[in-house]
Amino acid sequence: MQSRYTKRDRWKPSKKCSAAQRAISIGLTTARITSEKENHSPAVQTRSAHQTLQTVIENQNTKVSKYERRYRNERRCHKCATSLAASRTVKVSQRGAVKALSLAGAVFRHKDDKKGQQDSLQFFLEANLRYFCPWPDTSNIRYQSNCDAACEWLVHREMYITYLELVMDKKETRTHTNIEHNVYDTFHCDKTTQEMICLAIWGQCISHPYLCNVRSSGDNILDLGPLHSRLVSHVKNLLTNPDLVLGPEATLSSATLNRTPFECPEVIYVIQSLVQDKTHFPHIRPLFAAYLEVHWRL
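Treat the numbers as computed from the prediction; the structure is a model and nothing was measured.

Cut-offs used in this document
Residues numbered from 1 in each chain as written. Predicted model: local features only at pLDDT ≥ 70, side-chain atom pairs only at ≥ 80, totals over all residues. Heavy atoms only, no water. Helix = DSSP H or I, 4+ residues; strand = E, 2+ residues; numbered from the N terminus. Buried < 20%, exposed > 50% of the residue type's maximum accessible area, 1.4 Å probe, protein only. Contact = heavy atoms within 4.5 Å. Areas by Shrake-Rupley, 256 points an atom, 1.4 Å probe, with all protein chains shown as cover. 1 Å grid on protein atoms, 1.4 Å probe; cavity = no way out; pocket = protein on both sides within 12 Å on 5 of 7 lines; lining within 4 Å. Points joined across faces, edges and corners; volume = space filled by probe spheres on them. pLDDT = per-residue confidence, 0-100. Arc of directions from axis to C-beta. Axes fitted to C-alpha atoms, helices over the stretch in contact; angles between N-to-C directions. Parallel < 35°, antiparallel > 145°, perpendicular 65-115°, else oblique. Left-handed = near helix turned anticlockwise from the far one by under 90°. Salt bridge = Lys/Arg side-chain N within 4 Å of Asp/Glu carboxyl O. Phe/Tyr/Trp six-rings, centres within 6.5 Å; stacked < 30°, edge-to-face > 60°. Disulfide = S-S within 2.5 Å. Lys, Arg positive; Asp, Glu negative; His and termini not counted.

All right, on to the overall build of the chain then. Broken down by element type, the chain carries 15 helices and zero strands. Looking at the chain residue by residue over its 298 residues, the buried ones come to 30%. Within the chain, contacts between residues at least 6 apart in sequence are counted, and of these 65% link residues at least 24 apart. By element, 55% of the accessible surface of the chain is carried by carbon and sulfur atoms, the whole surface being about 21,000 Å².

Rendered as structure tokens:
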């Protein structure tokens, strides 16, 4: 007698069926298909454009309602968050001019040659400036690169905005990536611009002259006491009177540490023009004073 179970799994019934069972199954399937064809009308088979459009609108409304529901839940969670959690979130979040320069470095000059927009940016700058001016190497965290990037950010601000818009228009989706969108927004942020001014002034008036003196002197660090004394005195003077740099009558003798020409004089002209705009940049002087005070305490 033939067994009802297979050899591999004797606890599962075999899926084999007899010829009579197969004939009955085929007959039932054929009869069902025939009845469906006879009772099927062309009007039901073809959907009108209005019905299709109505279905699309309903699907979109469903998606929007889901998004709004999720957004309301997120806002409710933010409202219910404790002050300790909120302060913790603000503390660990990166923001400000340095973060903006880091994102810009990842877009304009990425440390990985296969990422970023450095190749297309090179052609764009050569076509507009007639020379290539690479973005400072902030992606590699090169020393003093943030101050140099702030100068580049201020001098060629409008050009980088045009470039980001061109990058967006060249894409099929006509949209920015998340990092490109954040960089594009920073170029339109007045508060970020004021922070960039502080970084640029620090680099032009203090950082560059100080490093030039240190590298050219050839002395031991223990012999640089007079230089550090002049550095402290210069920071105090700028803290007391920011107009030594920001004022219209600023000179090299009052602005820079060693009374040498600026590394990038164009940025000083841009800064002095922005200082005159009290509507968009009203906090440049107090912000620069606070920036110097923080560095003085360090």
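This brings us to the layout of surface pockets. One way to see where empty space is left: roll a probe the size of a water molecule over the atoms. Taken as a whole, the second largest pocket encloses approximately 300 Å³ of empty space. Forming the walls of the second largest pocket are 15 residues, and the residues nearest its centre are Cys 133, Asp 148, Cys 151, Glu 152 and Cys 264. The set of elements that each furnish at least two residues to the lining of the second largest pocket consists of α7 (145-155) and α10 (190-217). At four residues, α7 tops the list of elements feeding residues into the lining of the second largest pocket.

Here we take up the confidence of the model for the chain. Taken over all residues, the pLDDT of the chain has a mean of 75, while the share at 70 or more is 67%. Across the chain, helix α14 (residues 265-275) holds the top mean pLDDT of 92, while helix α2 (residues 42-45) sits lowest at 40. Every residue in residues 7-14 is under pLDDT 50, and counting partners more than four places away or in other chains gives nine contacts. For the stretch residues 60-75, pLDDT sits under 50, and the model shows zero contacts to residues farther than four places along the chain or on other chains.

The subject of this paragraph is helix α9 (residues 178-186). Inspection of α9 places Glu 180, Val 183, Tyr 184 and Thr 186 among the buried residues, and these make up the whole buried set. Along α9, the residues classed as buried sweep out an arc of 160° about the axis, all on the same side. Each element contacted by the buried residues of α9 is listed here: α5 (96-108), α7, α8 (157-170) and α10.

At a minimum axis separation of 9 Å, α5 and α9 run at an interaxial angle of 125°. Looking at the two axes, α5 sits oblique to α9. Relative to α9, α5 is oriented so that their crossing is left-handed. Of the residues in α9, those in contact with Ala 100, Leu 103, Ala 104, Ala 106, Val 107 and Phe 108 of α5 are Ile 179, Glu 180, Asn 182, Val 183 and Thr 186.

Quick look at the pattern of salt bridges now. On inspection of all chains with the given rule, the structure shows two salt bridges. For Lys 171, the salt bridge is made with Glu 180, and the minimal N-O distance between the two is 2.8 Å. Residue class for Glu 180 comes out buried when judged on its relative accessible area of 4%. Arg 285 is the partner of Asp 243 in a salt bridge, and the nearest nitrogen-oxygen pair spans 2.6 Å. Residue Asp 243 is located in helix α12 (residues 243-246), and its partner Arg 285 is located in helix α15 (residues 284-297); the two are separated by 42 residues in the primary sequence. Accessibility expressed as a relative area gives 35% for Asp 243, which makes it partly exposed.

Now for the packing of aromatic side chains. Ring pairs (aromatic) are described by centroid distance and by the angle formed between their planes. Going through the model one piece at a time under the given rule, you end up with eight aromatic pairs. Taking the centre distance of 6.0 Å and the plane angle of 80° together, the rings of Trp 202 and Tyr 291 count as edge-to-face. Note that Trp 202 is positioned in helix α10 and Tyr 291 in helix α15, a separation of 89 residues in sequence. In terms of burial, Trp 202 and Tyr 291 fall into one category: buried.

The next subject is the environment of Asn 237. Position of Asn 237 among the secondary structure elements: in helix α11 (residues 225-240). Residue classification places Asn 237 among the partly exposed residues on the basis of a relative accessible area of 40%. Between the C-alpha atoms of Asn 237 and Ser 254, which are 17 residues apart in sequence, the distance is 8.8 Å.

One pass over the structure, following the stated rule, counts zero disulfides. Between Cys 205, a cysteine without a disulfide, and Cys 151, which holds the nearest cysteine sulfur, the sulfur-to-sulfur distance is 9.6 Å. The cysteine Cys 264 is free of any disulfide, with Cys 151 supplying the nearest cysteine sulfur at 5.2 Å.

Within the element layout of this structure, Arg 157 appears in helix α8. For the buried Arg 157, no salt bridge exists, and the shortest N-O distance to an oppositely charged side chain is 4.4 Å, to Asp 190.

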